[in-house]
Amino acid sequence: MVVEKRTRAGRTITVQQYRKPGRHKGKREKGEGVTTQAQKAGNMRRAVLQLTWLMNTNFHDGDFLVTLDYKKEARPQDRDRMNKDFTNFWDRLNRRRKKLGLPPAIYIRVMEIGKKGARHHHMMLPQMDVGLIQECWTAGGIDIKPLYTDGNYRGVAEYFVKYAKKTMETEGREMKKLWYPSKGLKRAKEGEPKNIKSRELGQIKIPKGYYLDQESVRHGISEFDGYGTCSYILVKMPGWKRTAKKKGGKRGGG
């Protein structure tokens, strides 16, 4: 028997499994103890998961993955100055949107500071007029790519957390926030744990209309209690819809 949590975020379902704590004979699955390094790694995995849920809930394919670059002579000294530059850019953008009768936009942003001096803002934006972005960011170049992974942005979340980690290593100081969310973002409601007597740890069940994100599958040992864990992400197939249940028959589409 395992305990399973299912969290829906946009077109995805994240399944988290772990063994139910209780009376156990013999040794647990963990080693002698949990290292600080293991705890940090666990924190990073949870950060990626939380960010994936936030991205999947608020953005869709066709929205933008944007990088704001700096001219070499305009590079700020630290992330404090970068935050001010971004705030000025965002205020200009929303003022222009307001004049056009558009609501304030949303974003999820992370900063990247490289050891060789490069400075970047990476962010997700809703689809909009590219010209507005170009008009409002004057410190350097802009790179814009559309999102296209069926509403599952786990890979983007992993890169964002890597950028934040790189920035901390470059500056030699911790960050209170790994990423910066705008106002107006919706939050996924984390699923409630349920006991599944008929399932073994690591057993993956894929419902009709979904496919498994193979690279999302994680098997491990909890750094908190030493019991086995497994997690994976299911993605809804494009265009799939559950059909209504027919009178006197079975529901179509699974």
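Treat the numbers as computed from the prediction; the structure is a model and nothing was measured. (Residues numbered from 1 in each chain as written. Predicted model: local features only at pLDDT ≥ 70, side-chain atom pairs only at ≥ 80, totals over all residues. Heavy atoms only, no water.)

## Side note on unusual backbone geometry
The cut-off we apply is this: Each helix is a run of H or I in the DSSP string that is no shorter than four residues. Each strand is a run of E no shorter than two, and both are numbered from the N terminus.
Of note in this structure, Asp150 is not a glycine but carries a positive phi near 60 degrees. Within the secondary structure, Asp150 is located in the loop between β6 (142-146) and α4 (154-171).

## Some points on the sheet that holds strand β7 (residues 180-181)
To keep things clear, this is the line we draw: A pair of strands is considered paired only if DSSP assigns at least 2 bridges between the two. Only heavy atoms enter the contact rule, under which two residues are in contact if any of them lie within 4.5 Å. Lines fitted to the C-alpha atoms define the axes, with helices restricted to the stretch that makes contact. Angles between their N-to-C directions range from 0 to 180 degrees.
Overall, antiparallel pairing links the 5 strands, which are arranged β6-β3-β5-β4-β7 in an open sheet. Looking at strand neighbours, the two that pair on one side only are β6 and β7, the edges of this open sheet. Two elements, strand β4 (residues 108-113) and β7, share 2 bridges in a ladder whose sense is antiparallel. Bridge pairing links Ile108 to Pro181 in β7. The sheet contacts of α4 involve β3 (64-69), β4 and β5 (119-125), and relative to β4 the element is tilted by about 40 degrees.

## Quick look at the confidence of the model for the chain
To keep things clear, this is the line we draw: The predictor attaches a confidence to each residue, called pLDDT, with possible values from 0 through 100.
Scored by pLDDT, the chain has a mean of 89; 89% of the residues are at 70 or more. Least confident of the elements in the chain is helix α1 (residues 36-58), whose mean pLDDT is 89; most confident is β3, at 98. For residues 23-33, every residue scores under 50 in pLDDT, and the model assigns this stretch 12 contacts once sequence neighbours within four places are set aside.

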